Structure formats: C-alpha cells, structure tokens
Amino acid sequence: MDAAASGLILCLLGAVLMRRDLRGLIRRRTWQRAAATIRFEPGPTWRIDFLLPDGQPVSVVTRDLRLLARREGAGPVTILYDPRAPERGVDLPRRPGLGLACGMGLAGVGVAAFLR
C-alpha cells in the first residue's frame, strides 16, 4: 500500500473517531441552551421538561441511556435543544473526549503520510 492510500485511510479512521465530538461542537454553536428537569417514568423512559424562551413548556420522552448517562447529579440540567423542532432534538452537552484526541492524532499522521 502506498503512502497516499495509507494516509487517506488514517484520515478516514480519525474522522470516524471524531464524529460524535465534532457533532457536539456544532450543536453547541447552532442549538439553544435551556435548564431542564429529568424524571424517570415506568417503562423505562425518562421525561425531559424545559421551557422555551417565550415561556412555552416542552416535554420530551426518551429511552436513550447514552443521553442520560452524561448527566451529572440530580437537579436542573443544562440541555441543548434544536430551535426548529424543540420536541424532537434534545442533547446534553459534554466535554470533548478521548475520541477527539485520538482522531486528531490519526488525522495528523494520515496527513503527514499523505504529503510524504
């Protein structure tokens, strides 16, 4: 395998690792923040309740454990919601993790191999 092909493969692997963290960074820029409360309901489901800036209440029911695992403690939680469809798009912001660091490293090595 020549250097260009291996560099391209390393860049693609880096992009796959960085996908979630990059999506979270884009959402922080484009989505709105709100204070929400999260309640457990039988089923098992969780209800996320928050208010829009105009005072309209929004309630979202989810079964996504990955979303709720990012929560830190009890009480109000800061969420990000999609202003175009607040009842559909809800996310809990998180800090960039190991996937971003490893993905950037792989992409850097891939670019170096591609330019070599």
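These remarks concern the structure in this document.

Rules behind the numbers
- Residues numbered from 1 in each chain as written.
- Predicted model: local features only at pLDDT ≥ 70, side-chain atom pairs only at ≥ 80, totals over all residues.
- Heavy atoms only, no water.
- Helix = DSSP H or I, 4+ residues; strand = E, 2+ residues; numbered from the N terminus.
- Rg over C-alpha atoms; globule rule 2.2 N^0.38 Å.
- Buried < 20%, exposed > 50% of the residue type's maximum accessible area, 1.4 Å probe, protein only.
- Contact = heavy atoms within 4.5 Å.
- Areas by Shrake-Rupley, 256 points an atom, 1.4 Å probe, with all protein chains shown as cover.
- Patch = residues over 30% accessible without salt bridge, like charges linked within 9 Å, V, L, I, M, F, W, Y side chains within 5 Å.
- Salt bridge = Lys/Arg side-chain N within 4 Å of Asp/Glu carboxyl O.
- Expected span 1.5 Å × (residues − 1).
- Bend = angle between axes of the 7 residues up to and from the residue.
- Phe/Tyr/Trp six-rings, centres within 6.5 Å; stacked < 30°, edge-to-face > 60°.

Notes on the overall build of the chain
Per the secondary structure count, the chain includes three helices and five strands. The order of α-helices and β-strands along the chain, N terminus first, is α-β-β-β-α-β-β-α. What you see for the chain is a C-alpha radius of gyration of 19 Å, clearly larger than the 13 Å of a compact globule of 116 residues, by over 25%. Projected onto its principal axes, the C-alpha coordinates of the chain cover approximately 55 × 30 × 20 Å. When the 116 residues of the chain are sorted by exposure, 30% land in the buried category. Counting contacts in the chain only where the partners sit at least 6 residues apart, residues at least 24 apart contribute 58% of the total. In the form shown here, the chain has an accessible surface area of approximately 7900 Å², with 60% of it arising from carbon and sulfur atoms.

Here we look at a nonpolar patch on the surface
On the surface, a nonpolar cluster with roughly 530 Å² of combined accessible area is contributed by Leu8, Leu12, Val111, Phe114 and Leu115. At the level of secondary structure, the elements contributing two or more residues to the nonpolar patch comprise helix H1 (3-30) and helix H3 (98-115). When residues in the nonpolar patch are grouped by element, the largest group, three residues, is from H3. Looking at the element boundaries, leucine 115 is found in helix H3.

Structural notes on H1
The terminal C-alpha atoms of H1, which comprises 28 residues, lie 38 Å apart, in line with the 40 Å expected from a rise of 1.5 Å per residue. Taken as a whole, H1 carries its principal kink of about 50° at arginine 19. Of the residues making up H1, those classed as buried are Gly7, Gly14, Met18 and Asp21. If you follow the buried residues of H1, they end up packed against H3.

Regarding the packing of aromatic side chains
Under the criterion given, the structure shown has two aromatic pairs. Ring geometry for phenylalanine 40 and tryptophan 46: centres 5.5 Å apart, planes at 65°, overall edge-to-face. Judged by relative accessible area, phenylalanine 40 falls into the exposed class, the value being 54%.

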